[in-house]
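# Summary of the model geometry
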Amino acid sequence: MSQVKTGLRGLQLTGTPYERGVTHGTEFADEIATNVEIYLDIFEYKGTDEDTVYEQAEEFIPLIEEENEEYSEEMRGVAEGSGLSLKDITVLNARYEVMYSAFKQAADEVDEASPDACTAFAAQPEITADGHTYLGQNWDWMPGLETFVMDIRRDDKPNMVAMTEAGIVGGKIGVNEHGLGMTLNGLVTAKDGENPFRKPYHVRFREVLDAERMDSAIAPLITKDRACSGNVIVAHEEGEMVNLEIAPETANYLYPQDHLLTHANHVEDRSSMNSEFEKLIPDTLCRAPRLKRLLSKHAGEIDSDVLTESLQDHFGRPNSICRHPNEADPELDQLQTNGSYVMDLTERRLLGTAGPPCENEYKEFSAA
């Protein structure tokens, strides 16, 4: 994996949680302000006005502090460094819990609502060219959002590299020094948003990457009920991996077939939960099997080149694995691949782009 020039930025974060937050907030103050503005606009468009957003954020502040004091302190540091209020930063860090209830309510208005759409994979060493374990995804969401890769160095918990949105403490896609990694896909199921004041997903994601063992990485996702739905692949350098389809009060556990996992934005195991995302973006039914087919053709030869090439696939464009805005219908929500990520868990490395991988080169980051 060679390092190349790209627009994807990284930032090393050291010191106490508060000090890490101050560095984050100071370095990305403008980008954090941009993200707050974008999300307030999205919330309003989906039917949640600004006053309601901030009222909910205020309730999440003590909840997050109770669930994870270090996470809360890092958020306070981000607020201090960026010059924004703690409620502004909480809006970002609890944005799934606010947002997905609004998305669910819009599910019957297919032409008017379209949430984020991602395609993820995990490959066991039995089918890779170098015997390494690989994990990754394309992260599709609204154009304009500011992201970077956190390079967190600590003495008391694992070092990690993880993509996050500016202002958000918990990384969504990353690997730590113990060879544990995670990816994230959005799901929508019937009970999303009914009980919003539960431990936010981003707090859980930080705890996944804080773990030293596979079971400790899985636990934050499933031991407490959630406010909304999501799909997370958790994998370890040894090749162990599980796909967690998690709804507010139920969870499905999927395992590799032919040493490969792929997932998009619909529930694969419908025995314990319904699935509503495909009403909004029917292409989810194509992207996961398409990626599995592309990778299966290279079984035994899968490496970073095969993976990055597959993530550039344009079958069904613009609603493809490598996603682009729908220029033919500007009235629709405009989504695109804002970043593409391939992780070699064996080497504790992450390759990532800023923007669609067909137009941007990958940059390498290491948690080793």
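## Structural notes on the overall build of the protein chain
For the protein chain, the count of helices and strands is eleven helices and 14 strands. Over its C-alpha trace the protein chain gives a radius of gyration of 19 Å, about what one expects of a compact globule, namely 21 Å for 368 residues. Along the longest, intermediate and shortest principal axes, the C-alpha atoms of the protein chain span 50 × 50 × 40 Å. Taking all 368 residues of the protein chain together, 62% fall into the buried category. Taking the intrachain contacts of the protein chain between residues at least 6 apart in sequence as the baseline, contacts between residues at least 24 apart amount to 65%. Carbon and sulfur atoms form 42% of the exposed surface of the protein chain, whose accessible area is close to 13,800 Å². Of note, the protein chain has its 32 positive side-chain charges centred 3 Å away from the centre of its 69 negative side-chain charges.

## Brief notes about a negative patch on the surface
A cluster of acidic residues, E37, D41, E44, D49, E50, D51, E55, E58 and E59, forms a negative patch on the protein surface. Elements with a minimum of two residues in the negative patch: α2 (29-45) and α3 (50-67). Per element, the largest residue contribution to the negative patch is five residues, and it comes from α3. Of note, E37 is situated in helix α2.

## With respect to the pattern of salt bridges
This model, assessed by the stated rule, comprises 23 salt bridges. Here E70 ties to K157 by a salt bridge, and the two come within 3.2 Å at their closest N and O atoms. Here the residue E70 occupies a position in helix α4 (residues 69-82), and K157 occupies one in the loop between β4 (147-152) and β5 (160-165), the gap between them amounting to 87 residues. With relative accessibility at 30%, the residue E70 sits in the partly exposed group. Judged by its relative accessible area of 27%, K157 falls in the partly exposed class. Among the salt bridges present, the one from E249 reaches K191, with a minimum N-O distance of 3.7 Å. Here E249, found in the loop between β9 (241-246) and β10 (251-254), pairs with K191, found in the loop between β7 (180-186) and α7 (201-209); they are 58 residues apart in sequence, far enough to count as distant. Among the residues examined, K191 registers a relative accessible area of 43% and is labelled partly exposed. Look at the salt bridges and you will find they share partners, linking E70, R154, K157 and D210 into a network.

## What to know about the packing of aromatic side chains
Inspection of the entire model under this criterion finds six aromatic pairs. Centroid distance Y96 to F205: 6.3 Å. Interplanar angle 80 degrees. Geometry classified as edge-to-face. One end of the pair, Y96, is in helix α6 (residues 95-105); the other, F205, is in helix α7, and 109 residues separate them in sequence. Accessibility expressed as a relative area gives 4% for Y96, which makes it buried. Judged by relative accessible area, F205 falls into the buried class, the value being 0%. One aromatic cluster in this structure is built from Y96, Y201 and F205. The ring centre of Y96 lies 4.2 Å from the NZ or CZ of R95, which sits over that ring. The ring of Y201 has R204 sitting right over it, with the charged end atom 6.0 Å from the ring centre.

## A closer look at the pairing of strand β6 (residues 173-176)
Burial along β6 is two-sided: I173 and V175 facing one way and G174 and N176 facing the other are all buried. Direction of pairing for β5 relative to β6: antiparallel, over a ladder of four bridges. Counted as the bridge partner of M163 is I173 from β6. Note: β6 against β7, two bridges, orientation antiparallel. Opposite G174, over in β7, you have M182 as the bridge partner. If you look at the hairpin formed by β6 and β7, you'll find three residues sitting between the two strands, and G179 has a positive phi there, around 75 degrees.

Definitions and limits used
- Residues numbered from 1 in each chain as written.
- Predicted model: local features only at pLDDT ≥ 70, side-chain atom pairs only at ≥ 80, totals over all residues.
- Heavy atoms only, no water.
- Helix = DSSP H or I, 4+ residues; strand = E, 2+ residues; numbered from the N terminus.
- Rg over C-alpha atoms; globule rule 2.2 N^0.38 Å.
- Buried < 20%, exposed > 50% of the residue type's maximum accessible area, 1.4 Å probe, protein only.
- Contact = heavy atoms within 4.5 Å.
- Areas by Shrake-Rupley, 256 points an atom, 1.4 Å probe, with all protein chains shown as cover.
- Lys, Arg positive; Asp, Glu negative; His and termini not counted.
- Charge placed at Lys NZ, Arg CZ, Asp CG, Glu CD.
- Patch = residues over 30% accessible without salt bridge, like charges linked within 9 Å, V, L, I, M, F, W, Y side chains within 5 Å.
- Salt bridge = Lys/Arg side-chain N within 4 Å of Asp/Glu carboxyl O.
- Phe/Tyr/Trp six-rings, centres within 6.5 Å; stacked < 30°, edge-to-face > 60°.
- Lys NZ or Arg CZ within 6 Å of the ring centre and 35° of its normal.
- Pairing = 2+ DSSP bridges.

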